[in-house]
Amino acid sequence: MTHTIALHHQVSGPEQGVPLVILHGLFGSADNWRSHAKQWQEQRRVVVVDLRNHGRSPHAATMTYAAMAEDVVALLDRLGIERCDLLGHSMGGKVAISVARLQPQRLASLIVADIAPIAYDHGHEDIFEAMRQVERDAPESRKQADAAMATHVETPAIRMFLATNLERGDDGVMRWRVGLDEIEAAYADIAAEPAGEDRYSGPTLVVRGSRSDYVDDALLSQVKAVLPEAQVVTLDAGHWLHAEAPEAFHEAVDEFLAERDQGEG
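Residues numbered from 1 in each chain as written. Predicted model: local features only at pLDDT ≥ 70, side-chain atom pairs only at ≥ 80, totals over all residues. Heavy atoms only, no water.

Asks: How would you sum up the packing of helix α2 (residues 65–79) against helix α3 (residues 91–102)? Please name residues and give values.
Replies: Where α2 contacts α3, the two axes come as close as 9 Å, and the packing angle between them is 75°. Between α2 and α3, the angle is such that the two are roughly perpendicular. For the pair α2 and α3, contact is made by Y65, A66, M68, A69, V72 and V73 and by M91, K94, V95, S98, V99 and L102, respectively. Tallied by class, the residues present in the contact of α2 with α3 amount to 10 nonpolar, 1 polar and 1 charged. (Axes fitted to C-alpha atoms, helices over the stretch in contact; angles between N-to-C directions. Helix = DSSP H or I, 4+ residues; strand = E, 2+ residues; numbered from the N terminus. Parallel < 35°, antiparallel > 145°, perpendicular 65-115°, else oblique. Contact = heavy atoms within 4.5 Å. Nonpolar A, V, L, I, M, F, W, Y, C, P; charged D, E, K, R; others polar.)

What follows is the structure, encoded as structure tokens:
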């Protein structure tokens, strides 16, 4: 058994009912889900998590999905949560699938946002180069950091997303709070398929973006092989569908959870 990380998390909403636990994607954090959590907390308990090497959680060399799933289960234990609805985007979706396969009894349902349970062969070389450029330039403002990233990443929205990981040091220099060294060294594990061998046969929602290639039609058979009960909803969005189409994403999740709530009743 690997050493688990005490994950930083934010809890809100009423204590009764099945909690919704949210896992962000690569280079994301709990903060990216603040607006969604604010809406969901009106109806249910919401736990938004910083995965290892992200947000305010500690850094660690290992980033296998088995290890990250153990972190999440350990957090559920600490919070006294026996069962939850588990939502994960991208890398967080693979962590969620891993929890579902390894500890299915801990889930009331699974929600996967724009990721398939497979190994991907595309990398994030431009992202790593952009972030390393920021380290080399030691910017003292977000504008300077954006200019450094622009030499490697053209899309302003991606640079803006990455910039949510910047914080100012006591010396005035903007630095990354993510464990960039650990993430880059463990990237092969992040690109790999989720942990576990079993199928997860509980209630499952897969939300994908029509302008993303992460869950295209050719992958649906592989999705169903691992998640046989998956309902697939396609939104007019790219990979960051919860940010690009927040209302449609929220509606898809709400409808699914309402069905799941009825099933529990």
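Asks: Describe the nonpolar core, and please don't skip the residues or the numbers.
Replies: Ranked by internal contacts, the top residues of the largest apolar core, which has 66 residues, are L23, F27, L110, W176 and L227. Ranked by residues supplied to this core, first place goes to α2 with 7 residues. Discounting chain neighbours no more than four positions away, the residues touching W176 are M131, V134, E135, M149, L162, A163, N165 and L166. Among the nonpolar cores identified, the runner-up in size contains 21 residues, and A30, W40, L205 and A245 belong to it. (Core = buried A, V, L, I, M, F, W, Y, C linked by side-chain atoms within 4.5 Å. Buried < 20%, exposed > 50% of the residue type's maximum accessible area, 1.4 Å probe, protein only.)

Asks: Explain the environment of G17 to me, using residue names and the numbers behind them.
Replies: Position of G17 relative to the elements: it lies in the loop between β1 (9–12) and β2 (20–23). Judged by relative accessible area, which is 58%, G17 ranks as exposed. Here the alpha-carbon distance between G17 and R45, two residues 28 residues apart in the chain, equals 7.4 Å.

Asks: Outline the sheet that holds strand β9 (residues 230–235), supporting the account with residue identities and numerical values.
Replies: What the 7 strands build is an open sheet, ordered β1-β3-β2-β4-β5-β8-β9; its pairing is mixed. One side of each edge strand has no neighbouring strand; the edge strands of this open sheet are β1 and β9. Neighbour to neighbour, the strand axes of the sheet diverge by 15° on average, direction disregarded. Each of β2, β4 (84–89) and β5 (107–113) touches α3; the most contacted strand, β4, lies at about 145° to it. Of the strands in this sheet, β2, β4, β5, β8 (204–209) and β9 touch helix α11 (residues 246–264), which is tilted by about 160° from β5. (Pairing = 2+ DSSP bridges.)

Asks: So, the side chain of R260: which residues are in play, and what are the values?
Replies: Secondary-structure assignment places R260 in helix α11. Judged by relative accessible area, R260 falls into the buried class, the value being 7%. One polar contact links R260 to D85, side chain to side chain, over a distance of 2.7 Å. Leaving out residues up to four positions away in the same chain, R260 has contacts with V18, R44, D85, A108, S109 and P203. (Polar contact = N/O pair within 3.5 Å; in protein donor to acceptor, adjacent residues only side chain to side chain.)

Asks: Talk me through the environment of G238; I want residue IDs and the actual numbers.
Replies: Note on placement: G238 falls in the loop between β9 and α10 (241–244). With 26 residues separating them in the primary sequence, G238 and S212 have C-alpha atoms 4.6 Å apart. If we ignore the near neighbours within four places in the chain, the residues touching G238 are D114, G209, R211, S212 and E244.

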